[in-house]
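# Observations on the model geometry
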Amino acid sequence: MSGNAAATVEFDRAAKQYAGSEDYAIRDLSLTIPAGKLTIFIGPSGSGKTTAMRLVNRMIELTDGDVRVDGVSVKDRSPAELRRGIGYAIQQIGLFPHQTVAENIATVPKLIGWDDKRVKARTTELLELIGLEPELAKRYPAQLSGGQRQRVGVARALAADPPLLLMDEPFGAIDPITRGRLQEEFRRLQTELGKTVIFVTHDIDEALKLGDHIAVLRPGGELAQFATAEELVRDPADEFVEQFVGADRMIARLEWLTQVRGERT
Ligand SMILES: Nc1ncnc2c1ncn2[C@@H]1O[C@H](COP(=O)(O)OP(=O)(O)O)[C@@H](O)[C@H]1O
Ligand SMILES: [Mg+2]
């Protein structure tokens, strides 16, 4: 499947203070998310993961600093235009309940004016790519399992072949076994498609398993460390990261990392 080139995303002293709030949700965040890689934002609840992610597609507006996608500030692009190049998948899935699986997947392609034939071909291709039976195309979200719905959510985010995907705890609400399978399949898919993915999770195992790079946020929305999975486990920047990664289990984690990432490390 040929795709649009992957995008680079730069956070440049990005900050967000919500109206009426004294504290910053994100403070002085600077990091460069490399093209074609899967970068994780992880941190405890309330550390600003969702806020940071939504600054990228302007679902949330910056208070200070900048975010650039392929060198262009998000402030210089209209939210609508920006979002056409950014797939978005969230835990609550947000599938349209009165639309079939096929219609849900076709949302963005239709919006940007693809003809029916192209939309249909793309839907068929995506169902296969994400491992869903073609017959499921005619079903409604309520007629699917949680895991199937999540797959449809990923397919919908990929539909118009965007260079950048934002995923906010996309596998959060799924049982552990299905979740493990989806993680593995998604990892494989991402390697194959070469998209830039920003993936939010609060689950350190998920982060270590999936992330090429991992940004750890601490309470107060500051970046604690930006590193590869291995670096994070071997050389945590401070006590907070050490605790978060589970330093007491470092040896076990290194062995486990070699196992789950074996084909890639
Ligand atoms: N719309 C909002 N208005 C005011 N405060 C918000 C809003 N959304 C999030 N916050 C606050 O910003 C901080 C970061 O939230 P969030 O980005 O959702 O964190 P996370 O995704 O890491 O759990 C939290 O203190 C949260 O209460
Ligand atoms: Mg969140």
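Here the structure is a predicted model, which is why all the values come from computation and not from measurement.

### Quick notes on the overall build of the protein chain
A tally of helices and strands in the protein chain yields 11 helices and 10 strands. The C-alpha atoms of the protein chain give a radius of gyration of 18 Å, which matches the 18 Å a tight globule of 265 residues would have. In terms of overall dimensions, the protein chain has a C-alpha envelope of 55 × 45 × 35 Å along the principal axes. Scored against the burial criterion, the 265 residues of the protein chain give a buried share of 48%. Long-range contacts, defined here as pairs at least 24 residues apart, represent 67% of the contacts in the protein chain between residues at least 6 apart. Here the protein chain has roughly 12700 Å² of accessible surface; of this, 48% comes from carbon and sulfur atoms. Taking the average place of the 34 positive charges on the side chains of the protein chain and the average place of its 39 negative ones, the gap between the two points comes to 6 Å.

### Topic: the sheet that holds strand β7 (residues 164-168)
Working definition: the strands of a sheet are paired by backbone hydrogen bonds and lie parallel or antiparallel to each other. In space, the six strands of this open sheet follow the order β6-β7-β8-β3-β9-β10, with mixed pairing throughout. Lying at the two open borders of the sheet, with one neighbouring strand each, are β6 (86-90) and β10 (222-227). Strand after strand, the sheet turns through a mean of 15° between neighbouring axes, direction not considered. Strand direction decides the pairing type here: β6 and β7, joined by five bridges, are parallel. Note on β7: the bridge partner recorded for Tyr 88 is Leu 166. Across the sheet, helix α6 (residues 146-158) lies against β6 and β7, angled at about 165° from β6, the strand it touches most.

### Looking at the site of ligand 1
All residues in the neighbourhood of ligand 1 are listed as Tyr 18, Ala 25, Pro 44, Ser 45, Gly 46, Ser 47, Gly 48, Lys 49, Thr 50 and Thr 51. Between an oxygen atom of ligand 1 and a main-chain N or O atom of Ser 47, the distance comes to 3.2 Å. Burial of ligand 1 by the surrounding chains reaches 55%, relative to a free accessible area of 560 Å². Residue classes in the shell around ligand 1 are distributed as three nonpolar, six polar and one charged.

### Quick notes on the nonpolar core
One finds Phe 186, Phe 199 and Ile 214 to be the most contacted residues of the largest nonpolar core, which totals 45 residues. With five residues, the top contributor of residues to this core is α6. Shared between two domains, this core holds at least three residues of each, these being domain 1 (1-85 + 178-265) and domain 2 (88-161). Setting aside its immediate chain neighbours within four residues, Ile 214 contacts Ile 40, Ile 42, Ala 207, Leu 208, Gln 225, Phe 226, Ala 227, Ala 229 and Leu 232. If you look at the next biggest cluster of nonpolar residues, it comprises 26 residues, including Ala 7, Ile 26, Leu 55 and Val 74.

The rules behind each value
Residues numbered from 1 in each chain as written. Chains lettered and ligands numbered in written order. Predicted model: local features only at pLDDT ≥ 70, side-chain atom pairs only at ≥ 80, totals over all residues. Heavy atoms only, no water. Helix = DSSP H or I, 4+ residues; strand = E, 2+ residues; numbered from the N terminus. Rg over C-alpha atoms; globule rule 2.2 N^0.38 Å. Buried < 20%, exposed > 50% of the residue type's maximum accessible area, 1.4 Å probe, protein only. Contact = heavy atoms within 4.5 Å. Areas by Shrake-Rupley, 256 points an atom, 1.4 Å probe, with all protein chains shown as cover. Lys, Arg positive; Asp, Glu negative; His and termini not counted. Charge placed at Lys NZ, Arg CZ, Asp CG, Glu CD. Pairing = 2+ DSSP bridges. Axes fitted to C-alpha atoms, helices over the stretch in contact; angles between N-to-C directions. Near = heavy atom within 4 Å. Polar contact = N/O pair within 3.5 Å; in protein donor to acceptor, adjacent residues only side chain to side chain. Nonpolar A, V, L, I, M, F, W, Y, C, P; charged D, E, K, R; others polar. Core = buried A, V, L, I, M, F, W, Y, C linked by side-chain atoms within 4.5 Å. Domains from an automatic or database assignment.

These results come straight from atomic positions and should not be treated as a statement about function.
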